[in-house]
Amino acid sequence: MYTIDGFPGRTITKDGKELLYFGGTSYLGLQTDADFQSIFIENIKKYGTAYSASRKSNIKISIFDEVDQYLAEMVGSKACISMSSGYLAGQLVCDYYSNGDYSLFYAPNTHSALFRNQQKVYPNWQELEKAINENTNTTPVLFLDSIDFHGDNYPDYTFLEKLPISNIILVIDDSHGIGITGENGGGSYAFLQSLQPKELLVSCSLGKGFGIQAGAIFGSKKLINLLKNTSFFGGASPATPAALATLKDAQELIIAKRIQLHKNTDFFLSTLSNTSLFVFAKGHPTFNFQNEMLSKYLEENAIIVTNFRYPTENDSLMSRIVLSASHTQNDILNLCAILNAFAA
């Protein structure tokens with residue numbers, strides 16, 4: 001474990017030594033980008049550092065509705081609500097469906113943002129399919145992650161084709177996709193809607209793809225209005241308005257960063273001699289592996305990757321190479337040289 005005293009960018013410093021960092025979730029490298037920070041600072045001057053009043057308050061700040069509409073148009077949904085975090089967004093959706101009218105089903109590797117207590121997460125899609133087909137008394141609600149880091153969901157969502165999707169309410173956590181995947185960074189919403197589920201809700205963090213502390217939920221106007229009218233939503237503080245305004249104001253920069261990220265990903269794949277070392281999804285900048293020798297080898301060669309047990313100490317070791325828009329071509333060449341030597 002490394003304890004550092006600043007945000008980890010393309011490098012981190014440990015004991016005076018600079019190490020290349022290919023981990024984390026700062027896919028676009030916005031958090032340390034000077035232009036992005038300048039926009040954020042200007043918005044802090046306008047909106048303050050935080051805003052903790054309910055969105056039900058009699059004093060309203062227009063940026064909330066503006067960004068909700070902006071995000072909905074980006075994703076292709078009819079409506080959107082922003083929240084203070086992706087976790088809270090997922091918990092709101094889970095809370096809304098946690099009653100006797102619905103049966104909740106959790107696909108393999110679903111993130112804990114979408115459930116609470118000891119919800120059953122099915123170990124494989126075959127058991128999940130059987131359970132959904134046997135459910136006849138209530139409306140099934142299926143929860144899953146778009147990017148599950150096992151290559152099973154995004155981009156094709158093959159397992160969903162085997163389910164009676166027209167009878168299922170689909171809830172997706174697109175935290176690792178929004179801002180990165182899909183047309184204009186819109187994530188998976190448009191594709192999932194084309195499958196014609198009974199209802200579709202997509203929740204996500206906006207921190208991974210957009211570099212701000214916030215979350216969002218996308219869906220139909222009817223569903224989003226129902227979520228807005230809950231005490232859960234009314235009682236929660238919203239996202240910081242300065243952060244939301246920055247997401248909107250920095251859209252040209254975000255587009256440029258997304259293009260650079262995809263260039264970096266393509267360059268990595270074209271330079272790597274053996275892609276079979278990793279599990280990855282086309283178009284996503286994460287490369288997952290379960291090889292402790294490889295993690296150790298990378299560290300011995302001054303490269304740090306994501307490598308810890310998640311979400312608890314009892315879960316499996318998560319090892320992942322993460323590319324970002326901030327990595328240079330030389331960074332990627334150095335990484336590939338080390339990986340190619342390991343595979344030789």
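Here is what the cut-offs are and how they apply
- Residues numbered from 1 in each chain as written.
- Predicted model: local features only at pLDDT ≥ 70, side-chain atom pairs only at ≥ 80, totals over all residues.
- Heavy atoms only, no water.
- Salt bridge = Lys/Arg side-chain N within 4 Å of Asp/Glu carboxyl O.
- Helix = DSSP H or I, 4+ residues; strand = E, 2+ residues; numbered from the N terminus.
- Buried < 20%, exposed > 50% of the residue type's maximum accessible area, 1.4 Å probe, protein only.
- Pairing = 2+ DSSP bridges.
- Axes fitted to C-alpha atoms, helices over the stretch in contact; angles between N-to-C directions.
- Contact = heavy atoms within 4.5 Å.
- Right-handed = clockwise from strand over helix to strand, strands pointing away.
- Phe/Tyr/Trp six-rings, centres within 6.5 Å; stacked < 30°, edge-to-face > 60°.
- Lys NZ or Arg CZ within 6 Å of the ring centre and 35° of its normal.

Colleague: Looking at this model, I keep getting lost on the pattern of salt bridges. Mind explaining?
Modeller: Per the stated rule, a full pass over the model turns up seven salt bridges. For K45, the salt bridge identified is with E42, shortest N-O distance 3.3 Å. Remark: E42 and K45 occur in helix α1 (residues 34–47); sequence separation between them is three residues, near one turn of the helix. According to the relative accessible area criterion, E42 is partly exposed, its value standing at 47%. Put simply, D65 and R55 hold a salt bridge, and the shortest N to O gap is 3.3 Å. A residue pair is termed long-range when its members are at least 10 positions apart, and D65 in helix α2 (residues 63–75) and R55 in the loop between α1 and α2 qualify at ten residues.

Colleague: How do you make sense of the pairing of strand β3 (residues 79–83) when you look at a structure like this?
Modeller: With respect to burial, β3 is a largely interior element, five of its five residues being buried. Along β3, one buried face is formed by A79, I81 and M83 and the opposite face, lined by C80 and S82, is buried too. In this structure, β3 lies alongside strand β8 (residues 215–219), joined through five bridges in antiparallel fashion. Note on β8: the bridge partner recorded for A79 is G219.

Colleague: Before we go on, may I ask you to explain the sheet that holds strand β9 (residues 286–289) in this structure?
Modeller: What holds strands together in a sheet is hydrogen bonding between their backbones, with the strands either parallel or antiparallel. Across the sheet, which stays open at both edges, the five strands sit in the order β1-β2-β10-β11-β9 with mixed pairing between neighbours. Whereas interior strands pair on both sides, the edge strands pair on one side only; in this sheet they are β1 (11–14) and β9. Each adjacent strand pair in this sheet contributes to an overall mean axis angle of 40°, direction not counted. Across three bridges, the pairing between strand β2 (residues 17–22) and strand β10 (residues 303–309) is parallel. The residue of β10 that forms the bridge with F22 is V305. Most of the contacts of helix α12 (residues 329–343) go to β2, to which it runs at about 85°, and overall it touches β2, β10 and β11 (317–322).

Colleague: Quick question: what am I supposed to make of the pairing of strand β7 (residues 199–205) here?
Modeller: Where a strand is regular, its side chains alternate between the two sheet faces. Across the seven residues that make up β7, a large majority, six, are buried. Pairing of strand β6 (residues 169–173) with β7 involves five bridges; the strand directions are parallel. Across the sheet, V171 pairs through a bridge with L201, a residue of β7. Since β6 and β7 lie parallel, the crossover through helix α5 (residues 189–194) that links them has a hand, and here it is right-handed. Judged from the four bridges that link them, β7 and β8 form a sheet pairing that is antiparallel.

Colleague: Looking at this model, I keep getting lost on the packing of aromatic side chains. Mind explaining?
Modeller: The way to describe two aromatic rings as a pair is by their centre distance and the angle between their planes. Applying the stated criterion to the full structure yields 14 aromatic pairs. Where Y96 meets Y97, the ring centres are 5.1 Å apart and the plane angle is 80°; that geometry is what we call edge-to-face. With a relative accessible area of 23%, Y96 lands in the partly exposed category. Taken together, the aromatic side chains of F268, F278, F280, F287 and F289 make up a single cluster linked through ring pairs. Above the ring of F149, the side-chain terminus of R320 is found at 3.4 Å from the ring centroid.

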